[in-house]
Amino acid sequence: SSQLSPAPLADAEPARDRFANMPRVKAYELRSKTSKELLKELDEQKAELATLRVAKVSGGAASKLAKIKIVRKAIARILTVYNQKQK
């Protein structure tokens, strides 16, 4: 009676849901941050996008698919503000 345990799936859940209620990134809030903070935020958003893309391939929920667009826009906002700071 060797059954597969659902343990690995249960461990993966919290990692995906840590961004579940992430507020929308606002440009005026980003402008008050330092370049270092912007790059840190950018890394977080890119990591989130990667997990969402994995969810998409493995047949994730519709809410995750919709979130891909939101995260991409957030990355664009961060890069825009960052590049404006460089000038």
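Here the structure is shown first, and the text comes after it.
Caption draft 1: A look at the environment of Ala-74. Counting through the fold element by element, Ala-74 comes out in helix H4 (residues 62-86). Each C-alpha atom, one on Ala-74 and one on Glu-41, is 9.6 Å from the other, the two residues being 33 residues apart in sequence. Setting aside anything within four residues of it in sequence, one finds Ala-74 in contact with Val-25 and Gln-45.

Caption draft 2: Up close: the nonpolar core. By size, the foremost hydrophobic cluster in this structure holds 12 residues: Val-25, Leu-30, Leu-38, Leu-42, Leu-49, Leu-52, Ile-68, Val-71, Ala-74, Ile-75, Ile-78 and Val-81. When contributions to this core are tallied by element, the ones reaching two or more residues are helix H3 (35-57) and H4. No other element matches the six residues that H4 contributes to this core.

Caption draft 3: Examining H4 more closely. Under the 1.5 Å per step criterion, the end-to-end length of H4 is 37 Å for 25 residues, consistent within 8% with the ideal 36 Å. The complete set of buried residues in H4 reads Lys-64, Lys-67, Ile-68, Val-71, Ala-74, Ile-75, Ile-78 and Val-81.

Caption draft 4: View of a positive patch on the surface. Taken together, the side chains of Arg-53, Lys-56, Lys-69, Arg-72 and Lys-73 present a region of like positive charge at the surface. Where the positive patch is concerned, the elements lending two or more residues are H3 and H4. In terms of residues, the positive patch owes the most to one element, H4, which gives three residues. Mapped onto the secondary structure, Lys-69 falls in helix H4.

Parameters and conventions
- Residues numbered from 1 in each chain as written.
- Predicted model: local features only at pLDDT ≥ 70, side-chain atom pairs only at ≥ 80, totals over all residues.
- Heavy atoms only, no water.
- Helix = DSSP H or I, 4+ residues; strand = E, 2+ residues; numbered from the N terminus.
- Contact = heavy atoms within 4.5 Å.
- Core = buried A, V, L, I, M, F, W, Y, C linked by side-chain atoms within 4.5 Å.
- Buried < 20%, exposed > 50% of the residue type's maximum accessible area, 1.4 Å probe, protein only.
- Expected span 1.5 Å × (residues − 1).
- Patch = residues over 30% accessible without salt bridge, like charges linked within 9 Å, V, L, I, M, F, W, Y side chains within 5 Å.
- Areas by Shrake-Rupley, 256 points an atom, 1.4 Å probe, with all protein chains shown as cover.
- Salt bridge = Lys/Arg side-chain N within 4 Å of Asp/Glu carboxyl O.
- Lys, Arg positive; Asp, Glu negative; His and termini not counted.
- Charge placed at Lys NZ, Arg CZ, Asp CG, Glu CD.

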